[in-house]
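In case you want the letters, here they are:
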Amino acid sequence: MLSLWATAVLAYILWRTYKVATALQTYKRIPKYYCVADPITALAGLIIPRGWWNPGFSITWNGKETLYTVRSSEVVLVVPVFFGDALLMTSSPEVCKEILNDPTRWSKPERIMGLDVMGKNVIASNPPVWRTHRKIAAPAFDDQAFSDVWEVITTAYNQMMASPDWKSTDVHYVPAFNNITTRIALLAIVKCGFNIPMEWNQDQDDKSGSFDEIAVTLPNSSLRHIAAASEALQRILREKIITKKKELSLELELDGAVSKANKNLFGRFVAASQREGDRGLDASEIMGNLFVFLLAGHDTTAHSMVLTLALLAGQPEDQERVHRHIKSVIGDADPTYDDYSSLAPVQHCLYEAIRLFPAGWITMRLSGMDEVWSAPQLTPTGEDVVVQKGTTVMVDFIGACRNPRHFPSPHDFVPLRWAPSNDPDAPPPPSMDTFLGFSSGPRTCLGKKFASVEAVCFLTLLLRDWKVGVKLAPGESMQAWRKRVLQPELSTALKTGDVPLLLTRRLKR
Ligand code: HEM
């Protein structure tokens, strides 16, 4: 018996030695990061304590200041000694873009498709399925949808301000401002993406059967909550899908076309399920897509908005500058969607917050053929990197968004970096092409403008009326507050825990 065990252990050691040696030989010129298990193997986190020896996905966040710089390389080979396969990580925006530009050569690995619990969808799929889903969804993101988002956010903000909590006070301490941005973002996607009524101050006690029921589960987007959220959503949506199918059939029968009101995400996916063949979807695919749009469509934006406010709270001079700009554009009035492009400084704050805390913090790709990467500072010697077919690559958006070649003072919150300057000696604003906060290429974030419009509208309204600050603990510096409160959790989106903010009224309304 003993010898059987000894043989099995020996065979495992030999097999691992072979695997590690092969990876080292294949990528011998690339700096290494040795660990016990590969960062994707979730099981490793349950059986071996986390730490530098077993970092899991936190290798990205924990390594943001050192992983690449101490190795003088924008590519690192992660070498798991005991479990899993070696993989490449990169913070080079040029390489990331090259990978993201071709979803056929660089596919999403099957093993990270955790978001397809309810069915295949635009996020958790590869071509050709992905292409069909993207084609169905993309037209829903048009100017009409953005203008609707603006209106929904303005109405919700005014309802919020009219509520007793806000109306009666000039100094308002909110222990978890993220709950407010989460509700705002959920309202935007439910009303504009699904055309389903939901109000800011809907009866919070009666949640059953409404989107408020899933609002309880969805914000907890950690993977263990996804199953519960998807069950609640299936229950709520099943009825609504049946009703929508009847409505669409009737419209087609009477008018020969789907009405404008049903050209939102919900209408488009249900209509696709009634089509046959390549352009059609099965029942699980409608659910899968509606689920990921609700999830991707609110959690990401909610956290980006609260982080923008938290970062501005720590930099009053930037906040005052943005406030002055807002006043110069809209005075005391509510902004309209036509003001969106004039509110660029608000958007710069949002982009800078996303750069530091990218809600979509990582994506993975698998090389379908041998590839050669060529980009500045890719390796310590400046050599190109030859990537073998079948290699998994972690596209590290945290690293890429803090790449010092593209973003000087990469770890500071500098909204002004995005603004064109009159100073001829000032560096030009970063190119939107190399900012990967919303990814890049044909699979770039479908909701990029939706999220920007939503956030610019909400931030404009709030910053017009309130000065945003924080309550520091005795003896605590702003920097220490940031470190204590803005500690991200890396889940389906990068998000922090509760963000307490102190708001002081600027304008008597
Ligand atoms: C600040 C908010 C947001 C950020 C930072 C963000 C970021 C990202 C990133 C980085 C990706 C690429 C993920 C990957 O390749 O695995 C992505 C994809 C996607 N996002 Fe967003 N997102 C935001 C808001 C939204 C919103 C509001 C929606 C929908 C209403 C949305 C829908 C999607 C979809 C459908 C994809 C998949 C696209 C594809 O694979 O073709 N996102 N997003």
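About the criteria used
Residues numbered from 1 in each chain as written. Predicted model: local features only at pLDDT ≥ 70, side-chain atom pairs only at ≥ 80, totals over all residues. UniProt positions renumbered as here; feature names shortened; annotations may be inferred. Helix = DSSP H or I, 4+ residues; strand = E, 2+ residues; numbered from the N terminus. Rg over C-alpha atoms; globule rule 2.2 N^0.38 Å. Buried ≥ 20, exposed ≤ 12 C-beta atoms within 10 Å, placed from the backbone. Contact = placed C-beta atoms within 7 Å. Near = placed C-beta within 6 Å. Nonpolar A, V, L, I, M, F, W, Y, C, P; charged D, E, K, R; others polar. Pairing = 2+ DSSP bridges. Axes fitted to C-alpha atoms, helices over the stretch in contact; angles between N-to-C directions. Core = buried A, V, L, I, M, F, W, Y, C linked by C-beta atoms within 7 Å. Arc of directions from axis to C-beta. Parallel < 35°, antiparallel > 145°, perpendicular 65-115°, else oblique. Left-handed = near helix turned anticlockwise from the far one by under 90°.

If you check an unreviewed UniProt entry, the protein appears there as Cytochrome P450-dit2 from Steccherinum ochraceum. Taken verbatim from the UniProt record of the protein, the Cofactor (unreviewed entry) comment is "heme".

(A) A look at the overall build of the protein. Within the protein, the regular secondary structure consists of 17 helices and 13 strands. For 509 residues, the compact-globule formula gives about 23 Å, and the C-alpha radius of gyration of the protein, at 24 Å, lands near that figure. Referenced to the eigenvectors of the C-alpha coordinate spread, the extents of the protein come out at roughly 75 × 60 × 50 Å. By residue count, 41% of the 509 residues in the protein fall in the buried class. Residue pairs at least 24 apart in sequence account for 74% of intrachain contacts in the protein once pairs closer than 6 positions are excluded.

(B) Here's a closer look at the site of the ligand. Near the ligand lie 26 residues; those nearest to it are Gly-297, Gly-360, Thr-363, Cys-445 and Gly-447. The element contributing the most residues to the shell around the ligand is helix α12 (residues 283-313), with six residues. Across the shell around the ligand, the residue classes tally to 14 nonpolar, ten polar and two charged.

(C) Just the UniProt feature "binding site: heme" (unreviewed entry) in the protein, in detail. The feature "binding site: heme" (unreviewed entry), as annotated in UniProt, sits at Cys-445 in this numbering. Note that Cys-445 resides in the loop between α15 (397-401) and α16 (448-465). The contact partners of Cys-445, leaving out residues within four places of it in the chain, are Gly-360, Phe-438 and Ser-439.

(D) Unusual backbone geometry, seen in detail. For the peptide bond that leads from Pro-127 to Pro-128, omega is 5°, which places it in the cis range. Look at Ser-72: it is not a glycine, yet its phi comes out positive at around 50°. In this fold, Ser-72 is placed in the loop between α3 (58-62) and β2 (75-83). The phi dihedral of Asn-195 falls on the positive side, at around 55°, and the residue is not glycine.

(E) Examining the sheet that holds strand β6 (residues 362-367) more closely. Strand order in the open sheet formed by six strands is β1-β2-β3-β9-β6-β4, and the pairing between neighbours is mixed. Strands with a single pairing partner mark the edges of an open sheet, and in this sheet they are β1 (32-37) and β4 (106-107). As defined by bridge partners, β2 adjoins strand β3 (residues 87-90) across four bridges and the pair is classed as antiparallel. Counterpart to Val-75 in the pairing with β3 is Thr-90.

(F) Up close: the pairing of β3. Every second residue of β3 is oriented toward a common face, with Leu-87 and Met-89 on one face and Leu-88 and Thr-90 on the other, all of them buried. Hairpin connection, β2 to β3: the antiparallel pair is bridged by three residues, and Gly-84 has positive phi, about 90°. Sheet topology places β3 next to strand β9 (residues 392-396); three bridges connect them, and they run parallel. Residue Leu-88 lies in a different strand from β9, and its bridge partner there is Val-393.

(G) Structural context of the sheet that holds strand β13 (residues 501-505). Spatial ordering of the open sheet is given by β5-β13-β10, a layout of three strands whose pairing is antiparallel. Unpaired on one side and paired on the other, β5 (171-174) and β10 (466-469) mark the two borders of the sheet. If you compare each strand with its neighbour and ignore which way they point, the axes differ by 20° on average. In this structure, β5 lies alongside β13, joined through four bridges in antiparallel fashion. Of the residues in β13, the one forming a bridge with Tyr-173 is Leu-502.

(H) Geometry of the environment of Trp-61. Residue placement: Trp-61 occurs in helix α3. Its 19 C-beta neighbours within 10 Å are what place Trp-61 among the partly exposed residues. Along the backbone, Trp-61 and Leu-14 are 47 residues apart, and their C-alpha atoms lie at a distance of 33 Å. When residues no more than four places from it in sequence are discounted, the contact partners of Trp-61 are Ile-398, Pro-488 and Leu-490.

(I) The arrangement of the nonpolar core in detail. With 119 residues, the main nonpolar core has Ile-153, Phe-458 and Leu-459 as its most contacted residues. In terms of residue count, the dominant contributor to this core is α12 (18 residues). Contact partners of Ile-153, with chain neighbours within four places excluded, come to Ile-184, Ala-188, Glu-454, Cys-457 and Phe-458.

(J) A look at helix α5 (residues 129-137). The complete set of buried residues in α5 reads Trp-130, His-133, Ile-136 and Ala-137. Down the axis of α5, the smallest arc covering the buried residues is 130°, so these residues share one side. Among the structural elements, α11 (265-273) and α12 are those in contact with the buried residues of α5.

(K) The arrangement of the packing of helix α6 (residues 143-162) against helix α8 (residues 177-194) in detail. Here α6 crosses α8 at 135°, and the two axes come no closer than 9 Å. Judged by the angle between their axes, α6 and α8 are oblique. In the packing of α6 onto α8, the handedness of the crossing is right-handed. Contacts from Ala-145, Asp-148, Val-149, Val-152, Ile-153 and Ala-156 in α6 reach Ile-184, Leu-187, Ala-188, Lys-191 and Cys-192 in α8. For the contact of α6 with α8, the residue count by class is nine nonpolar, no polar and two charged.

(L) Structural detail: the pairing of β2. Sheet analysis places β1 next to β2, joined by five bridges and oriented parallel. For Tyr-33, the partnering residue across the bridge sits in β2 and is Val-78.

(M) Expanded view of the environment of Ala-188. With respect to the helices and strands, the residue Ala-188 is situated in helix α8. As for Ala-188 and Thr-492, which are separated by 304 residues in sequence, their C-alpha atoms are 20 Å apart. Setting aside residues no more than four positions away along its own chain, Ala-188 makes contact with Val-149, Val-152, Ile-153 and Glu-454.

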